[in-house]
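Inside the fold
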Amino acid sequence: MKAVIFDVAKVIVDWDAGRAVRGALPDEVVDAFLASQEYWAINAATDAGLPLVDAVARIEAELPEFAELARLYYGERFPLTVTGEIPGTTAVIDELLAAGVPSYGLSNWSAENFSVARAGAPVIDRLDGLIVSGEVGLAKPDEAIFRLALDRFGLEASETLMVDDTQHNLDAAARVGMPTHLFTSAGTLRDDLVRLGLLAG
């Protein structure tokens, strides 16, 4: 094992969609938004490059019950989704970098508001490289984005650990030959990195 690629939301930054609208709208509307497969399918399109203004227009047309919420979520309240860093992950990344282990980011996020993630976790700008899905028009779990990352960063799949909090993303990474780690905490990640020989015990 020679390198690590990190997901960003819920691995590096503490991101929670509900925080953006909870308190601004009735709880039953927020709960319905969080559970709506149709809404999150449109949101996934923003991860793959759909402009936010077009996402709002689609929601207004297709899911009018969420129109006000979408304007808030993709607008002034979006920064509330991020409260800072996931405890311990920055220390793990800095330890990897200090040990000379190439470390990268691969995030499903709209290019238009990724600055919110950067502000929440400055370690993102210390990574050796970063791909934001909205900038490349591809998003996890599309296998193509993992191949793009490996190619852009000059990595071999079998030598690159993919760290993500979502199993179906890791399943896709595994299909292109990458070892994977399902993120639950920085402590368990560090234990795995020690086991793999990337960090000292």
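The following paragraphs examine the structure supplied in this document. None of these values were measured; they are calculated from a predicted model. (Residues numbered from 1 in each chain as written. Predicted model: local features only at pLDDT ≥ 70, side-chain atom pairs only at ≥ 80, totals over all residues. Heavy atoms only, no water.)

Here's the deal with the overall build of the protein
Secondary structure assignment for the protein yields 10 helices and 7 strands. Computed over C-alpha atoms, the radius of gyration of the protein comes to 17 Å, within 12% of the 17 Å expected from 2.2 N^0.38 for 201 residues, which places it in the range of a compact globule. Over its C-alpha atoms, taken along the principal directions, the protein stretches across nearly 50 × 30 × 25 Å. The buried share of the protein, reckoned over its 201 residues, is 48%. Taking contacts inside the protein between residues at least 6 apart in sequence as the whole, the part at least 24 apart equals 67%. (Helix = DSSP H or I, 4+ residues; strand = E, 2+ residues; numbered from the N terminus. Rg over C-alpha atoms; globule rule 2.2 N^0.38 Å. Buried < 20%, exposed > 50% of the residue type's maximum accessible area, 1.4 Å probe, protein only. Contact = heavy atoms within 4.5 Å.)

Side note on the sheet that holds strand E4 (residues 103-107)
Across a sheet, strands are paired by hydrogen bonds formed along the backbone, either parallel or antiparallel in direction. A sheet is described by the order of its strands in space; here 5 strands give the open sequence E5-E4-E1-E6-E7, paired in parallel fashion. Each of the sheet's edge strands pairs with one partner strand only, and the pair in question is strand E5 (129-132) and strand E7 (180-182). Between one strand axis and the next, the sheet turns by 20° as a mean value, whatever way the strands run. By the bridge criterion, 3 bridges tie strand E6 (residues 160-164) to E7 in an arrangement that is parallel. Within E7, the residue paired with Asp 164 across the bridge is Leu 182. Sheet strands in contact with helix H10 (residues 186-195) are strand E1 (3-6), E6 and E7, and its direction is about 155° off that of E7. (Pairing = 2+ DSSP bridges. Axes fitted to C-alpha atoms, helices over the stretch in contact; angles between N-to-C directions.)

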